[in-house]
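Each chain is listed here by its residues.
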Amino acid sequence: MNPRSLVLKMQRAMFALVVLLTVSGLHQVHAQFIHPKIKSKETTIRRVVVLPAKVNVVRDSMKGPEGMAAESDELSLRVEAMVAEVLSKKKNVVTLPKPAAPAEGDAQQNYNVADFQTKFDDLLPKIMKKRSDVKKARFSMGDEVLNLNLDKNADAIIFIRGAGKKLTGGKTAFRLFVGGMPAFLSLQIGIVDARNGEVLVYTDPILVGDPTTAVDRLRKALEKGFKKIPEVKL
Amino acid sequence: MFPRKPTNLILFALCFCIVFTSFSPLALAQKKTAPVEATPPPIREEFKFGEVDMEVLEQADLLDTRFERDGLVLRDEPVNAYLKRVGQSLIPRDLELERVTWKFRALRDPQPNAFALPNGSIYVTTGLMTLIENESQLAAIIAHELTHVMRRHTYMHNRSNRKKFLTMNVMAAVGAYAPGGIVGAVITVVTTVAPFIMVATIYGYSRDLEREADLKGIDMMISAEYAPEEMVNVMKLLNTDIEGENIRLFYNDHPSLEERIKYLSGYLGARADKVTHQMELNRERAAYFGTVEPLMRHNLQLSINAGRGRSAVFHAQRLVDFHADSENLFWLAEAYRTLGPRAPQLTEKEMTNSGKKKAAEKSLKRTAEEEERDLLATPGGKENWQKHQQLAEELYRRALSAENPAPVAHRGLGMLYEKLGRTSDAAAEYEKYLELSPAANDRGRIQKRVEALKEKVQ
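The notes below deal with the structure included here. (Residues numbered from 1 in each chain as written. Chains lettered and ligands numbered in written order. Predicted model: local features only at pLDDT ≥ 70, side-chain atom pairs only at ≥ 80, totals over all residues.)

**Examining the overall build of chain B**
Definition in use: Numbering of helices and strands runs from the N terminus, with a helix taken as a DSSP run of H or I at least four residues long and a strand as a DSSP run of E at least two residues long. Any residue surrounded by 20 or more other C-beta atoms within 10 Å of its C-beta is treated as buried, while 12 or fewer makes it exposed and the intermediate range makes it partly exposed; C-beta atoms here are placed from the backbone. C-beta atoms are placed from the backbone for every residue, and two residues are taken to be in contact when these atoms lie within 7 Å.
Counting secondary structure elements, chain B contains 18 helices and three strands. C-alpha atoms of chain B, sized along the principal axes, occupy 95 × 55 × 40 Å. Among the 458 residues that make up chain B, the fraction classed as buried is 36%. Within chain B, contacts between residues separated by at least 24 positions form 71% of all contacts whose residues are at least 6 apart in sequence.

**Here's the deal with the nonpolar core**
Heads up, the condition is: The nonpolar core is taken to be a set of buried Ala, Val, Leu, Ile, Met, Phe, Trp, Tyr and Cys residues joined by way of C-beta atoms within 7 Å.
Within the largest apolar cluster, 76 residues are counted, with the highest numbers of intra-cluster contacts made by B:Val124, B:Phe330, B:Ala333, B:Ala335, B:Tyr396, B:Ala399 and B:Ala409. In contact with B:Val124, not counting residues within four places along its chain, are B:Leu83, B:Ala106, B:Leu107, B:Ala114, B:Met129 and B:Ile141. In this structure, A:Val86, A:Ile127, A:Ala154 and A:Leu185 belong to the second largest nonpolar core, which totals 53 residues.

**Let's talk about unusual backbone geometry**
Residue and element names in this part refer to chain B. Unusually for a residue other than glycine, Asp-94 sits at a positive phi of about 65 degrees. Residue classification places Asp-94 among the exposed positions, given that 5 C-beta atoms sit within 10 Å. Of note in this structure, Glu-225 is not a glycine but carries a positive phi near 60 degrees. Residue placement: Glu-225 occurs in the loop between α7 (181-223) and α8 (230-239). Overall, Glu-225 belongs to the exposed group, with 10 C-beta atoms counted inside 10 Å.

**Overview of the pairing of strand β3 (residues 121-125) of chain B**
All names here are of chain B. The criterion, for reference: Should DSSP find at least two bridges between two strands, the strands are regarded as paired.
Among the five residues of β3, five are classified as buried, and the element is accordingly described as predominantly covered. Side chains of β3 alternate between two faces, with Ser-121, Tyr-123 and Thr-125 and Ile-122 and Val-124 buried alike. Inspection of the sheet shows strand β1 (residues 103-107) paired to β3 by five bridges, in the parallel sense. Directly across from Leu-107, in β3, lies its bridge partner Thr-125. Looking at chain direction, strand β2 (residues 114-116) and β3 are connected through three bridges and run antiparallel. Its bridge partner being in β3, Ala-114 is matched across the sheet by Val-124.

**Comments concerning the packing of helix α16 (residues 408-420) of chain B against helix α17 (residues 423-436) of chain B**
Residues and elements named next belong to chain B. Here is the rule: To get an axis, a line is fitted to the C-alpha atoms, and for a helix only the part in contact is used. The angle between two axes follows their N-to-C directions and goes from 0 to 180 degrees. Oblique is the label for any angle not under 35 degrees, not over 145, and not in the 65 to 115 range, which are roughly parallel, roughly antiparallel and roughly perpendicular in turn. Note: crossing handedness is left-handed where the near helix turns anticlockwise from the far helix by less than a right angle, and right-handed where it turns clockwise.
At a minimum axis distance of 8 Å, the contact between α16 and α17 shows a crossing angle of 160 degrees. As judged from the angle between their axes, α16 and α17 are roughly antiparallel. Crossing geometry of α16 relative to α17 is assigned as left-handed. Seen from α16, the contacting residues are Val-408, His-410, Arg-411, Leu-413, Gly-414, Tyr-417 and Glu-418; seen from α17, they are Asp-425, Ala-426, Glu-429, Tyr-430, Lys-432, Tyr-433 and Leu-436.

**So, the environment of A:Ala156**
By the element assignment, A:Ala156 lies in strand β6 (residues 156-167). Taking C-alpha positions, A:Ala156 is 9.8 Å from A:Thr95, a pair spaced 61 residues apart along the chain.

**Here's the deal with helix α12 (residues 326-339) of chain B**
Residue and element names in this part refer to chain B. Rules: What a helix is expected to span follows from its residue count: subtract one and scale by 1.5 Å.
The terminal C-alpha atoms of α12, which comprises 14 residues, lie 20 Å apart, in line with the 20 Å expected from a rise of 1.5 Å per residue. Residues of α12 that are buried include every one of Asn-328, Leu-329, Phe-330, Trp-331, Leu-332, Ala-333, Glu-334, Ala-335, Tyr-336, Arg-337, Thr-338 and Leu-339, and no others. Looking at the buried side of α12, the elements it contacts are α10 (278-305), α11 (309-322), α15 (379-401) and α16. Just past α12, the residue Gly-340 takes up positive phi, approximately 50 degrees.

**Things to note about helix α5 (residues 135-150) of chain B**
Residue and element names in this part refer to chain B. Taking 1.5 Å as the rise per residue, α5 with 16 residues should run 22 Å; its terminal C-alpha atoms sit 22 Å apart, in good agreement. Counting buried positions along α5 gives 16 out of 16 residues, so the element sits mostly inside the fold. Directly after α5, the chain includes Arg-152, whose backbone phi takes a positive value near 55 degrees.

**With respect to the interface of chain B and chain A**
Size of an interface: often given as the accessible area lost when the parts come together. So the rule is basically this: Three classes are used: nonpolar for Ala, Val, Leu, Ile, Met, Phe, Trp, Tyr, Cys and Pro, charged for Asp, Glu, Lys and Arg, and polar for all others, with Gly counted as polar.
Taken together, the contacts link 27 residues of chain B with 28 residues of chain A. Elements with a minimum of two residues in the side of chain B that touches chain A: α2 (51-69), α6 (153-176), α13 (353-365) and α18 (443-457) of chain B. Considering each element in turn, the side of chain B that touches chain A owes the most residues, eight residues, to α6(B). Its residues placed into classes, the side of chain B that touches chain A shows 10 nonpolar, eight polar and nine charged.

So this is what it looks like as structure tokens:
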């Protein structure tokens, strides 16, 4: 084989790789890891409590990232509601009310939820480091979960975290000519046993597109993200 | 060699301009080692709000709401009033700043830290308030943060960053369409290197602002008649790094603590001619501990939740030394139980930058339970565990025999015995706790433990 044809072949292979990566980047990526107790049906997720989601999005402009605190709060609420909707429609899972909002002067209940959210934030990097270990029942938040004093019928608690990026018009054009990360939303969802704190399910759906407007894509990403959770028989 | 084509000439000129402007601030930043004498006026009079600044302000207001809503702000009126009193005493009289409403609050976080939002909200974490020793040190922290607001640092930093990000993006575009030949190669090299220089200037500017806040902070402390040398002592306290988490990275947005101690000491020598008497500081310490004792206990719980056993032991011991009542003894016992098989202090090797980096990587790979299990498999870990469980048991017993015994010490003993495999003793202690605290928040959890232990016994 002469050197010219070798170079041509390599160029074609590179082109194919770039096309493959571009195409795969446009689809929702999802990975899900299920605790053996769920797989063996020893535990069934029938009723859940969804804790307030924490999703942060930034606007990426030519002049750098800009905060979107109001849009982030709005998106957090939307993701939270959509998780409940998808679980209800696809898996017949009932969503129970959250821990009651603390009355004026009752700081303890507010602290309890905040501390438990922080505990999940501390555990999350360890889960993300080796997600497949959820299948080995390696991660737990301990029986402190009972201090949340949730509805006694709750089987699981859902924690939602997320980060996303919205591109401005200028940055979108720049990306077309120069390249760079597209707009996206990356979620990390942990479902924890409400009785002993074991991490039962971990899933991290990603969607490509404007996180503040891509409602259908978000729904699809969540549906795929919860695909492995067994459906509750009515 | 010079480019001949007009397009190449334009590209070359553009690159030259961008690189020239990129190098200049860096060079200036490097020359500025210790601006000892002249610090700028306390407020930036010439500052005019633009659209971009209004957006930053809006984000800051929303962040305030979020901290409140998410249960991160400590709802302790006496503590927040105390912070307000210290903060207000530092602000020059009759000072009115456009779009600033001063708010001083404690944030529920065991990590020592403080920050200011441009709208005038100053947050000091419970971790930092527990670490410091007197009101002058608290004033030092608040004075530093007040300077950030008064000198409009957040807005200035944001404006500067926007210019630098735009430059970086323009450079990336130029680099992507670089022509061939030597000119193209030069452009490629320049556009590849320039972002690193830009990032360095962003961090350099941030360090300059921190330095300014440190030095202006001393001026404000002197004006409010606080002991200014306590600013240096705060840095020294922060430098103790009990948990070994102050890792030096390639880029840093704050000057190193050693550097801060050095330039602050130099500046202080030139500004203050008297040093506060130690007795005066001791009195101040006692008053400070008396005021923030409940906050310190709250922070101990946060430290224990976060697995910061070394900090918990350090702070609980200080509390016991200050006031050896039942509750403080209980907290020291809890701290030793949490410390478990870990050593109370890090070794010299663990305190090196590479040692800290290794520990951070390891902690990402192991859960707290796995770390304990691994340590218990070593002779050192076993020895530590034995020592700490004995200390914890003794302290729980002392807490229960003290005046106004804390029932929660029974729960602590129960947890300790459960870990030691003393099933019946653990169940008995838990039951005593439930009997003495019928309205406890963790009643359900402890009841479940009792049931499980009783099942085990049968």
